[in-house]
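Examining the three-dimensional arrangement
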Amino acid sequence: MKIMLLTAATGGGHLRASAAVEQYIRDNTGYEVVTIDTLKAVNRFLDKSVCDTYRFMAKRIPAMFGRLYKQTNRENLLSGLVPKLSGAFSNLLYANISKYHPDVILTTHPFATEMVSDLKEDGLITAPLICILTDYGVHRAWIAPYVDAYVVASDDMVPELTSFGVDPKKIYPFGIPVHGVFFHREDRDMLLRDLHLDPSLPTLLFMAGSFGVSNIMKLYRDLASTDVKMQIIVITGRNQKLYEAFEKEITSHPQLPTRLIYFTDEVEKYMHASDLLVTKPGGLTVSEALACNLPMAVFDAIPGQEEDNANFLKIHDMGVRLQKDGDFAQQISSLLKEKEKLQEMRENCQHFDKSQSIPNLLALIRELVKEAQ
């Protein structure tokens, strides 16, 4: 069997979901699998324009991004944040698809979903199309008429999708695909000792790479001034400016044990070592933390999909939203002191078990391919 994954780089979550599925298929089957960045395959200029515009709006003018997100989620208002990419663009993508001749196509980005649906409508593609949504809310941009199956994050999304006219029989709440390492339980105490941290102290993990320096620094200073005993792991990603700022700041607070990490491809290790994650609520970050049974305190949510993700965590008591006008440090330190509450949130994460997301997806692939033959 030949499996094609189509994704795009407007946010890392689409790419990480595709990578998780591809790795599982390679490790557990003899199937051929290939991943294509849809926008790069269609047109390099289009790719740069779309990705740069997304990053600019999400980071620089998030309020406008949120308004456009909501407006384009209303019927007949789709042109805007997510334009209809059909016609010539779909045909350019078809050139890449036809070379591989896949038995099934999986998409983790709405642009890819729409273009493949257009090609199926034109009769150029007959392979089943599976759309994998990578957030905890539904936007109309993901919906296309020739999708054979939608794989979604949770049961909560089924009514949302059906309200957009999707047949409930096409909706599979398997969960957002994440790498298996996040589900593998590790010895927390051993991980902390390896980091030269104290297993008896509550551990706070900052995944801070996408935060503004001033916001996260204020939070760190405020936490350092509380009387709650804690220790912190900070991952700055490839944010050099933030890393250097933390290097200086940490020396000013020797009473607060802190481990500073620049870039790592072992995020799961730090999640398994922690009691609470402070992060922006991207769909894949949320899913990876839930796989680690790690409660979250989320802030700086981009209006739109990140707000949907944050609200999902709040509704199911697997995380708290830190309000911009609130006392971030007080909210976090209070949560760390309330051990029973934190444990209850961890158990809620554990009950939200999506460890079979990719195996279930693979079974669905086999079923749809068999039906199509």
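Everything numeric in this text was worked out from a predicted model, so none of it was measured. (Residues numbered from 1 in each chain as written. Predicted model: local features only at pLDDT ≥ 70, side-chain atom pairs only at ≥ 80, totals over all residues. Heavy atoms only, no water.)

**Structural notes on the overall build of the protein**
When its secondary structure is counted, the protein shows 16 helices and 12 strands. Across the 373 residues of the protein, 54% fall into the buried class. Considering only contacts within the protein whose residues lie at least 6 apart along the sequence, 68% involve residues at least 24 apart. About 16800 Å² of surface is accessible on the protein, with carbon and sulfur atoms providing 49% of the total. (Helix = DSSP H or I, 4+ residues; strand = E, 2+ residues; numbered from the N terminus. Buried < 20%, exposed > 50% of the residue type's maximum accessible area, 1.4 Å probe, protein only. Contact = heavy atoms within 4.5 Å. Areas by Shrake-Rupley, 256 points an atom, 1.4 Å probe, with all protein chains shown as cover.)

**Some points on the nonpolar core**
By size, the foremost hydrophobic cluster in this structure holds 65 residues, and its most contacted members are Leu6, Ile97, Leu205, Met271 and Leu290. Once residues lying within four places of it in the same chain are set aside, the contact partners of leucine 290 are Tyr136, Met296, Phe312, Leu313, Met318, Cys349 and Phe352. Core analysis: the second largest hydrophobic core is formed by 31 residues, Phe206, Tyr220, Val278 and Ala329 among them. (Core = buried A, V, L, I, M, F, W, Y, C linked by side-chain atoms within 4.5 Å.)

**Quick look at the confidence of the model for the protein**
Confidence in the prediction for the protein averages 88 pLDDT; 86% of positions are at 70 or higher. Segment residues 76-84 is flagged for pLDDT under 50; beyond a separation of four residues in sequence, or across chains, it makes 19 contacts in the model. (pLDDT = per-residue confidence, 0-100.)

**So, the packing of helix 14 (residues 328-337) against helix 15 (residues 339-351)**
It is the contact of helix 14 with helix 15, at a shortest axis distance of 5 Å, that shows an interaxial angle of 90°. Taken together, the axis directions place helix 14 and helix 15 in an arrangement best described as roughly perpendicular. Between helix 14, through Leu335, Leu336 and Lys337, and helix 15, the contact on the second element is made entirely by Lys339, Lys341, Leu342 and Met345. When its residues are assigned to classes, the contact of helix 14 with helix 15 shows four nonpolar, no polar and three charged. (Axes fitted to C-alpha atoms, helices over the stretch in contact; angles between N-to-C directions. Parallel < 35°, antiparallel > 145°, perpendicular 65-115°, else oblique. Nonpolar A, V, L, I, M, F, W, Y, C, P; charged D, E, K, R; others polar.)

**Section: helix 1 (residues 12-28)**
Here helix 1 spans 24 Å end to end across 17 residues, near enough to the 24 Å set by a 1.5 Å rise per residue. Taken together, the buried positions of helix 1 are occupied by Gly13, His14, Ala17, Ser18, Ala20, Val21, Glu22 and Ile25. (Expected span 1.5 Å × (residues − 1).)

**A few points about the packing of aromatic side chains**
One pass over the structure, following the stated rule, counts seven aromatic pairs. With a centroid separation of 6.4 Å and 50° between ring planes, the pair formed by tyrosine 136 and phenylalanine 352 is classed as tilted. Of this pair, tyrosine 136 sits in the loop between strand 4 (129-132) and strand 5 (149-151) while phenylalanine 352 sits in the loop between helix 15 and helix 16 (357-372), placing them 216 residues apart in sequence. Taking relative accessible area as the criterion, tyrosine 136 reaches 5% and is therefore assigned buried. Relative accessible area serves as the criterion here: at 17%, phenylalanine 352 is assigned to the buried category. One Lys or Arg, lysine 2, reaches over the ring of tyrosine 100 and ends 5.5 Å from the middle of that ring. Positioned over the ring face of phenylalanine 263 is arginine 238, at 3.7 Å from the centre of the ring. (Phe/Tyr/Trp six-rings, centres within 6.5 Å; stacked < 30°, edge-to-face > 60°. Lys NZ or Arg CZ within 6 Å of the ring centre and 35° of its normal.)

**So, unusual backbone geometry**
Phi at histidine 196 takes a positive value of approximately 60°, unusual for a residue other than glycine. Here histidine 196 shows up in the loop between helix 8 (188-194) and strand 7 (203-207). Phi is positive for asparagine 293, which is not a glycine, with a value near 55°. On the basis of relative accessible area, asparagine 293 is assigned to the buried category, the value being 10%.

**Some thoughts on the environment of aspartate 148**
Inspection of the secondary structure puts aspartate 148 in the loop between strand 4 and strand 5. Remark: the alpha-carbon pair of aspartate 148 and cysteine 131, spanning 17 residues in sequence, is separated by 8.0 Å. Excluding its chain neighbours within four sequence positions, the residues that come into contact with aspartate 148 are Lys120, Ala127, Pro128, Leu129, Lys170 and Leu368. Looking at aspartate 148, its side chain comes within polar contact range of the side chain of lysine 120, at 3.3 Å. Reaching out from aspartate 148, the side chain makes a polar contact with the backbone nitrogen of leucine 129 at a distance of 2.7 Å. (Polar contact = N/O pair within 3.5 Å; in protein donor to acceptor, adjacent residues only side chain to side chain.)

**Considerations on the environment of phenylalanine 263**
With respect to the helices and strands, phenylalanine 263 occurs in the loop between strand 9 (258-261) and helix 11 (267-272). Accessibility expressed as a relative area gives 42% for phenylalanine 263, which makes it partly exposed. A C-alpha to C-alpha distance of 9.7 Å links phenylalanine 263 and tyrosine 243, two positions 20 residues apart in sequence.

**Points about the sheet that holds strand 4**
One open sheet holds the six strands; their spatial order is 2-1-3-4-5-6, and the pairing between them is parallel. Strands with a single pairing partner mark the edges of an open sheet, and in this sheet they are strand 2 (32-37) and strand 6 (171-172). Pairing analysis gives two bridges linking strand 5 to strand 6, with the strands arranged parallel. Directly across from valine 151, in strand 6, lies its bridge partner tyrosine 172. Relative to strand 4, helix 6 (residues 110-121) is tilted by about 165°, and along the sheet it contacts strand 1 (2-7), strand 3 (104-107) and strand 4. Set on the sheet, helix 16 makes contact with strand 1, strand 3, strand 4, strand 5 and strand 6; between it and strand 4 the angle comes to about 160°. (Pairing = 2+ DSSP bridges.)

**Here we look at the pairing of strand 7**
Of all the five residues making up strand 7, five are buried; the element is thus mostly covered by neighbouring parts of the structure. Of the two faces of strand 7, both are covered, the one formed by Thr203, Leu205 and Met207 as well as the one formed by Leu204 and Phe206. Where strand 7 lies against strand 8 (residues 231-235), five bridges are found, and the strand directions are parallel. Bridge assignment links leucine 204 to a residue of strand 8, and that residue is isoleucine 232. As judged from the three bridges shared by strand 7 and strand 10 (residues 276-279), these two strands associate in the parallel manner. Residue pairing across strands places leucine 205 opposite leucine 277, the latter belonging to strand 10.

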